[in-house]
Amino acid sequence: QVQLVESGGGLVQAGGSLRLSCAASRGTFSNYYMGWFRRAPGKEREFVSVISHGGGSTLYADSVKGRFTISRDNAKNIVYLQMNSLKAEDTGNYYCAARAGVYWSEYERDFGSWGQGTQVTVSS
């Protein structure tokens, strides 16, 4: 089963940018759909974005569309989340997740491997 480790979180002012990374090991990275989810303080974890095996297809939550970009480098076994124009409501713990399968999903229950998360705090 693939193992995932996120990095790149931190404190940033509203309007700023961060790039999150998620490094995968133990598994064939290109076999997995890769997703990002987040949990804001006091809220349920929610979908942010997902990318297909080869990176040709992506999906975003409406709340981040146009501001966040997901990408992957299958040669390095890394998935990225570029976050621009950050808002206070983007604050939360961001999780990388992997899904094996023939179709993609935006639902937590469909992702079998998860990282520990990286904290993003946006000050207003």
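All of the points below concern the structure found in this document. In this text the structure is predicted, and so the values were computed from the model without any measurement.

## Considering the pairing of strand E7 (residues 68-73)
A one-sided burial pattern is seen for E7, the buried positions being Phe 68, Ile 70 and Arg 72 and the unburied ones Thr 69, Ser 71 and Asp 73. With six bridges joining them, E7 and strand E8 (residues 78-83) adopt antiparallel strand pairing. Pairing of Phe 68 across the sheet is with Met 83, part of E8. Counting the residues between successive antiparallel strands, the hairpin from E7 to E8 contains four residues, one of them, Asn 77, with a positive phi of roughly 60°.

## Examining unusual backbone geometry
A positive phi angle, near 60°, is found at Arg 26, a position not held by glycine. Inspection of the secondary structure assignment puts Arg 26 in the loop between strand E3 (18-25) and strand E4 (32-39). Despite not being glycine, Asn 77 shows a phi value in the positive range, around 60°. With respect to the helices and strands, the residue Asn 77 is situated in the loop between E7 and E8. We classify Asn 77 as partly exposed; its relative accessible area is 24%.

## Some thoughts on the environment of Gly 35
Its location among the elements puts Gly 35 in strand E4. In this structure Gly 35 comes out as buried when scored by relative accessible area, which is 0%. In the structure, Gly 35 is positioned twelve residues away from Phe 47 in sequence and 8.0 Å away in space, judged by C-alpha atoms. Contact partners of Gly 35, with chain neighbours within four places excluded, come to Ser 49, Val 50, Tyr 95, Cys 96, Ala 97 and Phe 111.

## A word on the environment of Gly 55
Inspection of the secondary structure assignment puts Gly 55 in the loop between strand E5 (45-51) and strand E6 (58-60). In the structure, Gly 55 is positioned 17 residues away from Arg 72 in sequence and 6.2 Å away in space, judged by C-alpha atoms.

## Section: the sheet that holds strand E1 (residues 3-7)
Spatially, E1-E3-E8-E7 is the arrangement adopted by the four strands of the open sheet, whose pairing is antiparallel. A strand with exactly one partner marks an edge of an open sheet, and here the two such strands are E1 and E7. Going across the sheet, the axis of each strand differs from the next one's by a mean of 15°, ignoring polarity.

The rules we used
- Residues numbered from 1 in each chain as written.
- Predicted model: local features only at pLDDT ≥ 70, side-chain atom pairs only at ≥ 80, totals over all residues.
- Heavy atoms only, no water.
- Buried < 20%, exposed > 50% of the residue type's maximum accessible area, 1.4 Å probe, protein only.
- Helix = DSSP H or I, 4+ residues; strand = E, 2+ residues; numbered from the N terminus.
- Pairing = 2+ DSSP bridges.
- Contact = heavy atoms within 4.5 Å.
- Axes fitted to C-alpha atoms, helices over the stretch in contact; angles between N-to-C directions.

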